[in-house]
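The residues making up each chain are set out below.
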Amino acid sequence: MKSAILFSFIISRSSTILLLPDVLINAIYSFFEGLLYFACGIDVFGGLPVSNDSLTITDNRTGRTYELAINDNTIRANDLRQIKVDADDFGLMTYDPSFMSTAACRSAITFIDGERGILRYRGYPIEQLAEKSSFLEVAYLLNEGALPDQEQFDRWTDKIKNHTYVHTNIIKFLEGFRYDAHPMGMMLSAVSALSTFYPDAKNIKDPENRYLQRVRLLAKAPTIAAFAFRHSRGLPFVFPDNDLDYVGNFVNMTFSIGGRHKPNPVLQRALEVLFVLHADHEQNCSTSAVRAVGSSHVDLFSAVSAGVAALYGPLHGGANEAVIKMLDEIGSVQNVPNFIKEVKEGKRKLMGFGHRVYKSYDPRAKLIKRIADEVFDQTGLNPKLKIALELERIALEEDYFVSRKLYPNVDFYSGLIYQAMGYPTDYFTVLFALGRMPGWLAQWEEMLLDDDQKIARPRQIYTGSEERPYVPMEKRKTSVTA
Ligand SMILES: CC(C)(COP(=O)(O)OP(=O)(O)OC[C@H]1O[C@@H](n2cnc3c(N)ncnc32)[C@H](O)[C@@H]1OP(=O)(O)O)[C@@H](O)C(=O)NCCC(=O)NCCS
């Protein structure tokens, strides 16, 4: 009976549409439709039972109402496509430049609560991992989903150590760069070049093969990074020493001269903790780049080189380099108030402050500040630290920063530490890339295993010219600009 009433209502609707303007008809019908559904005991909205976990949308262009499911506090953007003005309409889309409010995947790797300053890898708080775990343990955790027991860890470490060497042609490749090549440019080129050395990496459908490539990249990244460091100093390359642990081997490959390098355990542990703090940060710019490029089913090395490229940018991994430049420019503590004034006037940016996700103190920045104290105890105070501390002190009291929830981020102090350790500023982002590697690998694997994922392909709102006739060259007029 109820369905008969509904059916006759829908039929009569299509015949009346011919006589009145669309919007008016739709509005009238939506009103009566609502009443009818109500009378039929179904529900007022859209004719479907309204669940608590749903969103009801009325399209004021047509007066039609839709109910979209809400899962995990999100609606599916694709569900909006049913919202059309007429049958030829493509359907409604969302406009979200820079993906400010779009979840592009489901992920079980890293949890961030930006308001409360929480960061966890696979459920473990970053503070505990930074205090207790080695970098390779964290790399295992991110990639395998659980902390390894001793046997699993030994096997994992052994596998990594088996793959630390690079093909000697990689050395020739790196030697081809100019003496002053930016080490991050060298790193990104060498990571992508690995795809030519391991053509088997194209077989991304085979889980064992994917595992092998992930191990390869994690093992070779420090070797490539160290070679880039040595190249810029004109020093011969030091080959991996597999008796050393992951970070110890890297430090040895960067600083050893004539086998005389005596590593400082405090500095080495500090570097390891910095790697742990950088190991993953869910869907940031570089990780999204790895996922987007990887979604084309290209090999791992090519996908990760996209991540390295993204990290190279000053708004992402390059910010710690920019912090040092800014501190150099400020020069002394006395100049801090004037600098802050310029920031508030919108003339400058306070580099190392602000974060897309953290709207309170970045938990990593808190830990890094502590590491800085331990490092400067060993190396002597970096004079720029005083300027940084004063910048932070004033900024945290100023309404401009407080009202915008701008706090120090991971990059504010990390550059000072790297500098105290002896790394040049243009090398900081390479260190960030080494730390982020396990995260990129884990996110790539997760993306490939996710049945919801297809090749990444955003939509656009076209703002260009309408169709126009082609004009032959001789008939084109150069526009004259004043
Ligand atoms: C990280 C960053 C890109 C995040 O940007 P975002 O989420 O898009 O934030 P917005 O650019 O919308 O900033 C919001 C407001 O704060 C201001 N702001 C953000 N970061 C600022 C900074 N570092 N110094 C001064 N003002 C800043 C913006 O000008 C904007 O002000 P407005 O509302 O008056 O226009 C941004 O904070 C930044 O550029 N920081 C410096 C670079 C850096 O340290 N990057 C490392 C990130 S780990």
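Structural data are supplied above this passage.
Treat the numbers as computed from the prediction; the structure is a model and nothing was measured. (Residues numbered from 1 in each chain as written. Predicted model: local features only at pLDDT ≥ 70, side-chain atom pairs only at ≥ 80, totals over all residues.)

Is there a simple way to explain the overall build of the protein chain in this structure?
Scanning the protein chain from terminus to terminus reveals 19 helices and five strands. Out of the 482 residues in the protein chain, the part that is buried amounts to 35%. Pairs at least 24 apart in sequence give 70% of the contacts found in the protein chain among residues at least 6 apart. (Helix = DSSP H or I, 4+ residues; strand = E, 2+ residues; numbered from the N terminus. Buried ≥ 20, exposed ≤ 12 C-beta atoms within 10 Å, placed from the backbone. Contact = placed C-beta atoms within 7 Å.)

Help me understand the environment of S107, please; the structure alone is not making it clear to me.
Within the secondary structure, S107 is located in the loop between β2 (64-69) and β3 (110-113). Measuring from C-alpha to C-alpha, the distance between S107 and R122 comes to 9.9 Å, with 15 residues separating the pair along the chain. Once residues lying within four places of it in the same chain are set aside, the contact partners of S107 are E282 and E446.

Teacher, can you tell me more about the site of the ligand here?
Every one of the 16 residues lining the ligand counts as a neighbour, but A319, L350, F353, G354 and R356 are closest to it. Of the residues belonging to the shell around the ligand, the class tally is eight nonpolar, four polar and four charged. (Near = placed C-beta within 6 Å. Nonpolar A, V, L, I, M, F, W, Y, C, P; charged D, E, K, R; others polar.)

Where do I start with the nonpolar core in this structure?
Residues M187 and I417 are the most contacted members of the largest nonpolar core, which totals 108 residues. At 12 residues, helix α19 (residues 428-449) tops the list of elements feeding residues into this core. Discounting chain neighbours no more than four positions away, the residues touching M187 are I224, A225, A228, V308, V430 and A433. (Core = buried A, V, L, I, M, F, W, Y, C linked by C-beta atoms within 7 Å.)

What is the right way to read the pairing of strand β1 (residues 54-59) from this model?
Consecutive residues of a regular strand have side chains that alternate between opposite faces of the sheet. Pairing analysis gives six bridges linking β1 to β2, with the strands arranged antiparallel. Bridging across to β2, L55 finds its partner in L68. Between β1 and β2, which pair antiparallel in sequence order, lie four residues; one of them, G63, sits at a positive phi of approximately 80°. (Pairing = 2+ DSSP bridges.)

It is not clear to me how helix α7 (residues 183-197) should be interpreted in this structure. Could you clarify?
Since the α-helix turns once every 3.6 residues, residues separated by three or four places project in the same direction. The end-to-end C-alpha distance of α7, which contains 15 residues, comes to 21 Å, matching closely the 21 Å that a straight helix rising 1.5 Å per residue would cover. Buried residues of α7: P183, M184, M186, M187, L188, A190, V191 and L194, and no others. Those residues of α7 that are buried are in contact with α6 (168-175), α8 (207-233), α12 (300-311) and α19. (Expected span 1.5 Å × (residues − 1).)

I would appreciate a short explanation of helix α10 (residues 265-278) in the present structure.
Between its first and last C-alpha atoms α10 spans 20 Å; for 14 residues at 1.5 Å apiece the expected length is 20 Å, and the two agree. Check the buried side of α10 and you find it contacts α3 (126-132), α4 (135-144), α9 (246-255), α15 (363-379), α18 (411-421) and α19.

Help me understand the packing of α7 against α19, please; the structure alone is not making it clear to me.
Helices that pack against each other are described as a pair by the angle of their axes relative to one another and the distance between those axes. Direction vectors running N to C along α7 and α19 enclose 35°, while the axes themselves pass 8 Å from each other. Residues P183, M184 and M187 of α7 form the contact with α19, whose own contacting residues are T429, V430 and A433. A class-by-class count of the residues in the contact of α7 with α19 yields five nonpolar, one polar and no charged. (Axes fitted to C-alpha atoms, helices over the stretch in contact; angles between N-to-C directions.)

Would you take a moment to explain the sheet that holds strand β4 (residues 118-121) for this structure?
Working definition: the strands of a sheet are paired by backbone hydrogen bonds and lie parallel or antiparallel to each other. Here three strands make up an open sheet; going across it, the order is β3-β4-β5 and the pairing antiparallel. Edge positions in the open sheet fall to β3 and β5 (124-125), since each of these has one partner strand only. Strand direction decides the pairing type here: β4 and β5, joined by two bridges, are antiparallel. When the bridges of β5 are listed, Y121 appears paired with Y124.

Just to check I follow, could you spell out the environment of F412 for this structure?
In this structure, F412 sits in helix α18. F412 sits 93 residues away from A319 along the chain, and the two C-alpha atoms are 8.1 Å apart. If near-sequence neighbours (up to four positions away) are discounted, F412 is found in contact with V323, G352, F353, A365 and A388.

Quick question: what am I supposed to make of the pairing of β3 here?
Burial along β3 is one-sided: the residues T110 and I112 are buried and none of F111 and D113 is. Summarising the sheet, β3 and β4 pair through four bridges and their orientation is antiparallel. Within β4, the position partnered with I112 by the bridge is L119. Count of turn residues in the β3/β4 antiparallel hairpin: four residues, of which G117 carries a positive phi of about 65°.

Just checking my understanding: could you explain unusual backbone geometry for this structure?
Across the chain, the bulk of peptide bonds are trans and the bulk of non-glycine residues have phi less than zero. For N73, which is not a glycine, the phi torsion comes out positive at approximately 65°. Examined against the element boundaries, N73 turns out to sit in the loop between β2 and β3. The backbone of E282 shows a phi angle near 40°, a positive value even though the residue is not glycine. Among the secondary structure elements, E282 is positioned in the loop between α10 and α11 (285-294). Using a count of 17 C-beta atoms within 10 Å as the deciding quantity, one classes E282 as partly exposed.

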